[in-house]
Amino acid sequence: MPKNKELILQVKDIHKSFGDKEVLKGISFEVHKGETKVIIGPSGMGKSTLLRCINQLTIPDKGTIWLRGQEVNHHNARQINQFRQKIGMVFQDFNLFDHLNAVSNVEIALIKVKGMKKQEARDKAMSELQKVGLVKQAFLYPAELSGGQKQRVSIARALAMDPEVMLFDEPTSALDPELIGEVLGVMQKLAQEGMTMVVVTHEMGFARSVADEIIFLERGRILESGPPEKLFYQPEYERTRKFLFKLTELYGDIKGYHKR
Amino acid sequence: MINWQFFLEILFPALQEGFLMTIKLVCWSIPIGLVVGIVIAVGRVYGNIIVSFFCKAYIVFFRGTPLLIQLFILYYGLPSLGIYLSPFVASVIGFILCSSAYHAEYIRGAIQSVKSGQILAAQALGMSKISAVLNIVLPQALRRAIPGCSNEIIYLIKYSSLAFMVTCIELTGAGKIVASRYFAYTEVFLVIGVIYLALVSLVSKLLNILEDRLAFPGWENKK
Ligand SMILES: Nc1ncnc2c1ncn2[C@@H]1O[C@H](COP(=O)(O)OP(=O)(O)OP(=O)(O)O)[C@@H](O)[C@H]1O
Ligand SMILES: [Mg+2]
């Protein structure tokens with residue numbers, strides 16, 4: 001791990017229960033500048049909950065989140081709003097604002113949250129759409145976009161806030177197979193350009209080629225983590241090996257991603 | 001054999017003032033009623049326990065009691081508490097209270113039909129809850145509430161005739177006075193009926209145009 005790099009995000013001992021079901025039982029990890037962490041794990045094991053705890057859409061029962069050495073105080077609504085601006089989030093089902101066209105989706109938070117002037121926000125939004133290859137679709141509404149285009153708009157919307165770190169919650173799992181590549185392509189480019197990212201995904205080709213570290217979440221704990229080569233070829237636990245084997249079976253050869 | 005003189009020289013001049021009063025009543029009641037309805041609906045859905053309870057009680061009370069009783073309380077009842085309202089003001093307040101309660105229910109339903117992911121995405125961008133409600137939820141919910149609220153606005157135009165019961169002489173009241181003086185009930189109320197019909201048709205047309213203007217792609221099929 002690049003220990004000399006700046007520390008961006010610290011997740012310390014996060015616990016979360018729903019009713020008497022303890023979903024997260026103490027999760028800790030750190031993300032340095034420019035790193036991409038991929039989180040994998042069986043369904044219903046709390047991966048989404050963990051991402052939501054990071055940007056406080058779900059308030060953890062215990063544990064703390066630190067951004068650039070500053071602890072997030074969830075009692076202070078104002079601070080949370082400022083903090084969320086620095087953490088981009090991309091959802092599985094896009095959550096584009098249905099009543100706004102693509103460019104307005106990207107610019108609305110610039111105007112309403114950052115207080116940018118309309119023209120300045122429009123320029124910024126257009127340049128973000130350009131990054132994800134959607135300038136031509138700028139004035140189309142979500143209902144007029146394909147799933148892959150929607151997800152790219154939602155990535156542009158998050159990027160427009162100039163976040164320190166981006167969280168992706170299964171960004172491709174609601175997409176038809178032929179649309180997955182365009183979204184992964186955008187994410188890969190982001191990673192190469194040095195964006196700090198935490199990605200929940202089962203796309204092992206992506207994980208393999210982009211991740212600095214894979215975190216395997218099971219039963220509310222990190223069972224194992226490490227660079228892709230280690231998890232794929234020398235996992236400590238039989239569980240990890242089996243799970244990764246099943247994923248590659250399901251989602252295709254780990255090198256398959258490059259062929260797309 | 002139609003008595004044109006009666007229509008031209010007596011009925012129409014008398015109705016003219018009443019008509020203007022009706023217009024004045026609805027022009028005050030409709031927008032304020034809508035705004036109050038939005039506030040009550042938002043309070044009901046997003047308020048804390050106390051606010052939400054208050055808003056629910058408001059809706060239950062003003063939807064659950066006859067408008068005529070509300071008007072009587074406002075005009076004849078309040079003076080016993082030392083509050084004197086003019087017939088016009090009592091009527092407008094009554095109409096606002098009643099229509100806002102109905103609007104609030106339509107808008108509440110529309111708010112709850114907006115996908116929860118919309119507000120999550122807004123908050124994830126750093127929007128405060130209030131800003132997310134104002135900028136993301138309400139623009140979608142209000143569009144969805146237009147058909148219901150249109151109904152209520154049309155009802156309001158018609159039940160504005162109840163203002164006559166608290167001595168505010170609007171269209172119906174003006175007609176009633178002429179009708180009983182000249183004993184010409186059929187002619188007068190036919191004319192008044194046609195005027196209401198024209199007014200209601202005009203307003204529904206305008207509301208339809210508004211609905212179409214505010215539609216966006218992907219929206220049409222939700223109507
Ligand atoms: N708001 C909530 N209230 C109650 N239970 C919840 C809530 N959110 C999540 N859960 C439960 O917590 C568990 C973890 O959910 P989560 O969505 O974080 O899992 P996940 O790992 O993201 O699963 P998936 O792969 O299906 O997306 C699930 O059993 C879910 O039912
Ligand atoms: Mg999930």
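Everything in this summary refers to the structure shown in the same document.

What counts as what
Residues numbered from 1 in each chain as written. Chains lettered and ligands numbered in written order. Predicted model: local features only at pLDDT ≥ 70, side-chain atom pairs only at ≥ 80, totals over all residues. Heavy atoms only, no water. Helix = DSSP H or I, 4+ residues; strand = E, 2+ residues; numbered from the N terminus. Rg over C-alpha atoms; globule rule 2.2 N^0.38 Å. Buried < 20%, exposed > 50% of the residue type's maximum accessible area, 1.4 Å probe, protein only. Contact = heavy atoms within 4.5 Å. Lys, Arg positive; Asp, Glu negative; His and termini not counted. Charge placed at Lys NZ, Arg CZ, Asp CG, Glu CD. Axes fitted to C-alpha atoms, helices over the stretch in contact; angles between N-to-C directions. Parallel < 35°, antiparallel > 145°, perpendicular 65-115°, else oblique. Left-handed = near helix turned anticlockwise from the far one by under 90°. Nonpolar A, V, L, I, M, F, W, Y, C, P; charged D, E, K, R; others polar. Salt bridge = Lys/Arg side-chain N within 4 Å of Asp/Glu carboxyl O. Polar contact = N/O pair within 3.5 Å; in protein donor to acceptor, adjacent residues only side chain to side chain. Pairing = 2+ DSSP bridges. Patch = residues over 30% accessible without salt bridge, like charges linked within 9 Å, V, L, I, M, F, W, Y side chains within 5 Å. Areas by Shrake-Rupley, 256 points an atom, 1.4 Å probe, with all protein chains shown as cover. Near = heavy atom within 4 Å.

**Here we look at the overall build of chain A**
Turning to step 1, where the next piece is worked out: A count of helical and extended segments in chain A gives ten helices and ten strands.
Turning to step 2, where the next piece is worked out: Relative to the compact-globule value of 18 Å for 260 residues, chain A shows a C-alpha radius of gyration of 18 Å, a close match.
Turning to step 3, where the next piece is worked out: A principal-axis box enclosing the C-alpha atoms of chain A has dimensions of 55 × 45 × 40 Å.
Turning to step 4, where the next piece is worked out: The burial tally for chain A puts 55% of its 260 residues in the buried class.
Turning to step 5, where the next piece is worked out: Long-range pairs, those at least 24 residues apart, make up 66% of the contacts in chain A between residues at least 6 apart in sequence.
Turning to step 6, where the next piece is worked out: Here chain A contributes 38 positive and 33 negative side-chain charges, whose respective centroids are spaced 2 Å apart.

**Observations regarding the packing of helix α5 (residues 147–159) of chain A against helix α6 (residues 177–192) of chain A**
Axes are the key here: two packed helices are described by the angle between their axes and the distance separating the axes.
Residues and elements named next belong to chain A.
Turning to step 1, where the next piece is worked out: Two numbers describe how α5 lies on α6: the axes approach to 8 Å, and their chain directions differ by 20°. By the criterion of interaxial angle, the relationship of α5 to α6 is roughly parallel. The crossing of α5 and α6 is right-handed. Along its contact with α5, which presents G147, G148, Q149, Q151, R152, I155 and L159, the element α6 presents L179, E182, V183, V186, M187 and L190.
Turning to step 2, where the next piece is worked out: Of the residues contributing to the contact of α5 with α6, the split by class is seven nonpolar, four polar and two charged.

**Section: the interface of chain B and chain A**
Turning to step 1, where the next piece is worked out: Taken together, the contact between chain B and chain A spans 22 residues of the former and 24 residues of the latter.
Turning to step 2, where the next piece is worked out: Counting across the interface, chain B meets chain A through one salt bridge.
Turning to step 3, where the next piece is worked out: Here D98(A) makes a salt bridge to K115(B), at a shortest N to O gap of 3.1 Å.
Turning to step 4, where the next piece is worked out: Run the count over chain B and chain A and you get six residue pairs in polar contact (both at pLDDT 80 or more).
Turning to step 5, where the next piece is worked out: Elements supplying a minimum of two residues to the side of chain B that touches chain A: α5 (116–124) and α6 (129–159) of chain B.
Turning to step 6, where the next piece is worked out: Counting residues per element, the side of chain B that touches chain A draws most heavily on α5(B), at seven residues.
Turning to step 7, where the next piece is worked out: Each residue belonging to the side of chain B that touches chain A can be placed in one class, and the counts come to ten nonpolar, nine polar and three charged.

**A few points about the sheet that holds strand β3 (residues 36–40) of chain A**
Within a sheet, neighbouring strands are paired by backbone hydrogen bonds and run either parallel or antiparallel to one another.
Residues and elements named next belong to chain A.
Turning to step 1, where the next piece is worked out: With respect to topology, six strands assemble into an open sheet ordered β6-β7-β8-β3-β9-β10, the strand pairing being mixed. Edge positions in the sheet fall to β6 (87–90) and β10 (221–226), since each of these pairs with one other strand and no more. Across the sheet, the axes of successive neighbouring strands diverge by a mean angle of 20°, strand direction being ignored.
Turning to step 2, where the next piece is worked out: Pairing of β3 with strand β8 (residues 197–200), which is carried by four bridges, proceeds in the parallel orientation. Its bridge partner lying in β8, I39 is registered against V200.
Turning to step 3, where the next piece is worked out: The strands touched by α6 are β3, β7 (165–169) and β8; relative to β8, the strand with the most contacts, the crossing angle is about 150°.

**As for a nonpolar patch on the surface**
Turning to step 1, where the next piece is worked out: Together, I2(B), W4(B), L8(B) and F12(B) line one region of the surface with nonpolar side chains, adding up to about 460 Å² of accessible area.
Turning to step 2, where the next piece is worked out: Overall, the relative accessible area of 54% leaves L8(B) in the exposed class.

**A closer look at the packing of α5(B) against α6(B)**
Residues and elements named next belong to chain B.
Turning to step 1, where the next piece is worked out: Relative orientation of the contacting elements α5 and α6 amounts to 140°, with a least axis distance of 9 Å. Between α5 and α6, the angle falls in the class oblique. In this structure, α5 crosses over α6, and the sense of that crossing is right-handed. Of α6, the residues touching α5 (which contributes Q118, I119, A122 and Q123) are K129, A132, V133, I136, V137 and Q140.
Turning to step 2, where the next piece is worked out: Here the residues of the contact of α5 with α6 sort into six nonpolar, three polar and one charged.

**Let's talk about the site of ligand 1**
All names here are of chain A.
Turning to step 1, where the next piece is worked out: As a structural note, the neighbourhood of ligand 1 is formed by F18, K21, V23, P42, S43, G44, M45, G46, K47, S48, T49 and E170.
Turning to step 2, where the next piece is worked out: K21 is positioned such that a nitrogen or oxygen atom in its side chain is 2.7 Å from an oxygen atom of ligand 1.
Turning to step 3, where the next piece is worked out: Between E170 and ligand 1, the recorded distance is 3.2 Å, taken from a side-chain N or O atom to an oxygen atom.
Turning to step 4, where the next piece is worked out: Out of a free accessible area of 630 Å², ligand 1 has 59% covered by protein chains.
Turning to step 5, where the next piece is worked out: Secondary-structure elements contributing two or more residues to the shell around ligand 1 are β2 (21–32) and α1 (47–54).
Turning to step 6, where the next piece is worked out: Top element by residues in the shell around ligand 1 is α1. It accounts for three residues.
Turning to step 7, where the next piece is worked out: When grouped by side-chain class, the residues that make up the shell around ligand 1 number four nonpolar, five polar and three charged.

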